[in-house]
Every structure is written in structure tokens, then in C-alpha cells.
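What the coordinates show
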Amino acid sequence: MEMSVNMTPEDFLEKETEFLEILSSEENLKNIPLINHVNIQNLKDNSLVRFRGMVQDMLDPEIYLEKYAVGSGDSVRLQNGRYRDAFVLNTNENVDMDSPQNSHGERRSVFVVTIPGLNDWASEAERESCPIKDISTERVAGSTTLKRPLEDEEPMESEKKSPSEAIGSLSNGSSVKESPSLLSREYLLNSPIADRPSKACIVKMYNDFDNLVLNSVVDVIGFLSVDAVLDGTHHDLNDFDDITEVQAANPPPSLIPRIHAVLIKPISHLNPLLPQTTFDGITGFDDNTCVELFKDIQLLLTQCLLGDVVAAEYLMAHLISTVYVRSELECLGQFSLNLSNIPAPVLPVYTKLLYDIIEMILPASHYFPMTLDNLNLLQFSPKKDYASNKLTSGLLQLAPHTNLVLDETQLQTGKLEASGVKAVSSIAYLINNQRVKCDFQFFDVEVNVNVPVLTLSEGKSMLPTNCHVPLMPQQENIDLIKETFEAAKFFLLPKLDSIRRYLTILRIVKFSMNPDELTMIENDFVEMRREHCATPEDLHSLIVLSRMLALCRGKTSLTGDLWQHAKSLETERRKRIASIPTRNVL
């Protein structure tokens, strides 16, 4: 069976089970236009498309005509309204709104934005993996072409009338009045990172309403809807009490298209160089390759951290950290890191040079200079705007596995306003709990996130952290800072894609603890409590660190040697903290 990207919703409904089976193949999806990288003006209304992005907002439910009777004279037929925004009428046909054959359905909508913080190399790899296709000729798998139900009828432009009750009062041929646009393009697009604008679309779902949550990343396959009648600026001001809410709910489809989803696939990672699958082992890398890649990454990070091999181990652990257990009381796996003691001579350039390396090897990240203006003026947590009934995004609303790099060296003496204090509090809450509070004015709604946070500072950061590592820089690396980073980039180039794949797999691969190692850890903890008054939090941090040290070396279970190595690293780290005076910049 063949599946055309030019198929109609009626084609799809005729053999829905078979088509969903075809769409379950990741290879077949590559033949469907990915509108993240395709100009929608080149696509036909109701054509089959894809969109990859993060769920940024949940919109109100919508009642629509799932089936409706249309006729001309004595001829009456029942038309499908599923996967469409506008009525489908042929010459001289009208909708019988009073027909007992009409049936209503409910659909829900989510506002989806392209993945915030997706780095340029990942975006380019995503585009190359799904090349632009000629949708009039491309096919998706199989061998038999389906006949369109209305193939012998003269196709007419869809009547400018929506089967949803929200727009159902518009009638064919009525004059379309334009209201002034009250909302800016930036407000409608609602990009979480204001200086890295995203694309957006409204995804309309017909089933499995409870499967999606805020901040989840999805691959949406569905029918494109770009009918101009959906634009809220075409609505008559006199027909509505609050045109702001109408325009927010009905943005121009040329800016924010609608997609009627036939399939929504969750995305487990953000790296387009790898398939979306479960990794039970370090797939694609043998043991020797894993050892070589670990050594390469360790050498790279050691040079970038001014010759500090201990800090390099901690940074690599941070780069692959992820929340792997979450409950009401605990959040296991997070590993926020504070690198301090950055030498004054390299401060003007060092933090950005280090971030450039991180950006090259991770699929999604964001560098944030913590200046007073940024803290006082920017929005960090999502906030409900009741005037437009829209959840306005903030910097901390990021997709899972997006590394946030906070440059505290940019913070100068000055006054934090109330908004700045709230910003710092929001960041601290994310670090401690891996949750973001959405401000609904009268109450807060907490949303889970999985965002590793790296803080770069001169003294100990004013923010909380799971792990504080003062740098021990080598003078030679300080003197040759620019040459060091140029050499690091040159070293990276031939191994770049392998390192990118390796780091992503380490973050999502399954990891196990065997009974013997658990017994050893329990016995060690008893000893640590007796000698150093160790707390359960200390044990948790040590387990997380040892887990990541094992993964860095391509191992999916813990060994006694690596447990001892983690303990020795922690001993060295505590000695540094005791010997280096820490200071806050505030």
C-alpha cells in the first residue's frame, strides 16, 4: 500500500490502521515535509506534513462538526469534518446545520514551538535528514496508489467556514472584515528564548488527550491547515467582547499554521544524528572506541578547563547528566555544576570560549550572561496572561536535555529589583528541584523539567548547586588562552559527529547496579557516616557521580574501581574548597 503526502483526510480515514503502521517507521517519516525547514507557502492546504518541537502551552478544548450533511437540491451526502478546519463543499452545495445526521466531536489543541536552544549544527542535521520533497510526486513506502473519494468531482476551494463552533458562524460569501492586529508577531510566536526566535504551530489532537504534558518534545504528523479565514484579525470587532483573546487563539496561519495530528510521537532525545530508539547498550561503539572517545573528550575538556583534569571529569559527568528517577520527595540524577575560581586575566573571554565548545558537542544548550539588566528585565518562568488566555513563556521553559550555562562572572555591583530577586529564586528552584513554577497570578503550577545547569563564577556561586568545583588552572593555559581553544576546535573536527552521538547515548542508555556493588556501597556509607558524618544527600551525590563516571567510560554498570575513583575525586574536590577562599559577587 502506498501513502501519498498529497492524500486527503478522507483517504487517510479510509485505511487509518494501515497508514498508522506505515507512519510508525522512522524511515518513512523522512519523506514527509518537515515544516521546521520548509516554507509553508510552498505547500498545499490539507497536505500531509511534520513538525518537531516542544509543547509550550495547552489550549482550550474545541467542539467541531465531526460529520455534517451537505447537499444541493435533492442530493445529500455526509461529509467528514475530522482533520479539517473548513467545510468541504462542491458547486451549489450548502451545509444542513439542522440535519439529524450531523455529529459533533471534541478536539484539543497544544501550542508547539521549535525546540528552544537547538544548536545550529543539530538544526542543520535535522534539515538534512529530512530533505525537502516535491509533495506532488513523492510517495511514502508501498506500491499501490489510493483513489481519492472525490476524484471524479470538480474540486472547489473549501468554503471559508469552519466546522468548529468557534468559527462556525462565518458564512460563505460573507464579507471578511479586518480588525487591527493588537498582538505583535513576537508575542504570538511566544519563543522561550527571546533572542533565539522559534517557529510555532497549533497542533489539534483527536485522541490521547492526556498523553502530552508541558515541555515534552514531540514529532507531529498531520494535515496542514493554512486557510486565511482562520486569522483572528479578519474577525469583526463588534462580534466579540475581547478581540485580544480571539486574535491570540487565532493567529495568522501564515505565521502559525495549524496541524491536524494523525500521529504524535514522543522524542526521547534531541540529537538528529541518532534514531529515536531505546539504547540498551552503547550502540554503535565497541569497547575500544568507547575508551578512545572518553580519552578524547577528557583531553578536550582538560585543555578547555585550563589544564585541570579533575574539573574535566566533573564537567563531562555534568554534560551527560539526566534525571532518571522522580517522585514527590526526590529527584535523582540531576548534577548541576558550579565551576569557580576562573582567573581574572581570562575573564573577558573565557566563559564564552568554553560555551562555544559545549555548543559544538551538545544538540541543545543556551548561554545566559547574568547581568543585572538581564535578571531585572527578562521573564524566566512561564506566566498566564488572562487578557489573551495565553501562557507566555520564559527562559526556564526549556526542553529536556537542554544544558543551561549561566555566566555569573557578568554580574556587577548593583541593585536587584524585585523582578530580579524573583528571577534568581526561580533559577534556584529549578536547580534544586528540576521544576519550574508557572505563574497563574493567583496560584503557581509546577512543571517538571530536565535541564542540567552549569554556573561559571569567580568565587562560589550565589546559586545552589549539586557540585562546586574550584578550578586549578595551569599558567601556560592562561597565557595561551586563545591558542588553546583554537587547538581544541581543530582537535574536535575529525571526531565531532562521533563525540556528539556518544554523549547523547550516554545520557539515555540504560544503567544498572549489581547486587555486589550495592552491598559495597552500603558498607562504605556506614563507614563514611562514622568517620565523616556523611548524610544521605552525600551518598546520593556520590552514587550519581560514580554512575556518570562509569557511563563516560562506556560502561552500563558500576564497578568497584569506579566507585573508589568517585570517592577519590570527591576527596580532592573537598580539599580544594577548603583551601581556596570563596567569595560571592553580591
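What you are looking at is a predicted structure, and each value in this text was computed from that prediction instead of being measured.

Focus: the environment of V346
- Secondary-structure assignment places V346 in the loop between β13 (337-340) and α9 (347-361).
- The buried category is assigned to V346, whose relative accessible area is 2%.
- Between the C-alpha atom of V346 and that of L480, which follows or precedes it by 134 residues, the distance is 9.8 Å.
- Not counting the four nearest positions on each side in its chain, V346 is found in contact with I478 and I481.

Description of the pattern of salt bridges
- Considering all chains together, one arrives at 26 salt bridges under this definition.
- Put simply, D296 and K495 hold a salt bridge, and the shortest N to O gap is 3.3 Å. One end of the pair, D296, is in helix α7 (residues 287-304); the other, K495, is in the loop between α13 (481-492) and α14 (496-508), and 199 residues separate them in sequence.
- According to the relative accessible area criterion, D296 is buried, its value standing at 15%.
- A salt bridge links E572 to R576; its shortest N-O distance comes to 3.1 Å. Of this pair, E572 and R576 are both found in helix α17 (residues 560-579), four residues apart, which corresponds to roughly one turn of the helix.
- We classify R576 as buried; its relative accessible area is 5%.

A short note on the packing of aromatic side chains
- Inspection of the entire model under this criterion finds 13 aromatic pairs.
- Summarising the aromatic geometry, the rings of Y64 and Y206 are spaced 5.5 Å apart at their centres and angled 85° between planes, so their arrangement reads as edge-to-face. With Y64 in strand β3 (residues 62-72) and Y206 in the loop between β8 (200-205) and β9 (217-225), this residue pair connects regions lying 142 residues apart in the sequence. The two residues Y64 and Y206 agree in class, both being buried.

What to know about the sheet that holds strand β17 (residues 403-407)
- With respect to topology, five strands assemble into an open sheet ordered β14-β17-β20-β13-β21, the strand pairing being parallel. Looking along the sheet, the strands with just one partner apiece sit at the ends: β14 (365-369) and β21 (467-470). With strand direction ignored, the average angle separating the axes of adjacent strands in the sheet is 15°.
- Taken together, the four bridges between β17 and strand β20 (residues 453-456) define a ladder with parallel strand orientation.

A closer look at unusual backbone geometry
- The backbone of Y83 shows a phi angle near 65°, a positive value even though the residue is not glycine.
- In this fold, Y83 is placed in the loop between β4 (75-80) and β5 (94-96).
- A positive phi angle, near 55°, is found at N389, a position not held by glycine.
- Mapped onto the secondary structure, N389 falls in the loop between β15 (383-385) and β16 (390-392).
- Given a relative accessible area of 25%, N389 falls into the partly exposed group.

Rules used throughout
Here the residue numbering is sequential within each chain, running from 1 through the sequence in written order. With the structure being a predicted model, the display of local features is reserved for residues of pLDDT at least 70 and the display and counting of side-chain atom pairs for 80 or more, all residues being used for whole-chain, interface and lining totals. Heavy atoms from the whole structure form the basis of all side-chain values; hydrogens and water molecules are not counted. The helix and strand labels rest on DSSP assignments: H or I over at least four residues marks a helix, E over at least two residues marks a strand, and numbering proceeds from the N terminus. Between buried and exposed lies partly exposed: a residue is buried under 20% and exposed over 50% of the maximum accessible area for its type, with that area taken using a 1.4 Å probe on protein chains only. It only takes one pair of heavy atoms within 4.5 Å for two residues to be counted as in contact. We define a salt bridge as a side-chain nitrogen of Lys or Arg found within 4 Å of a carboxyl oxygen belonging to Asp or Glu. Put simply, two rings from Phe, Tyr or Trp (the six-membered ring, in Trp's case) pair if the centres are within 6.5 Å, and we call them stacked under 30 degrees between planes, edge-to-face over 60, tilted for the rest. Strand pairing follows a simple DSSP-based rule, namely that at least 2 bridges must link the two strands. Only the stretch in contact is used when a helix axis is fitted, and all axes are lines through C-alpha atoms; the angle between N-to-C directions ranges over 0 to 180 degrees.

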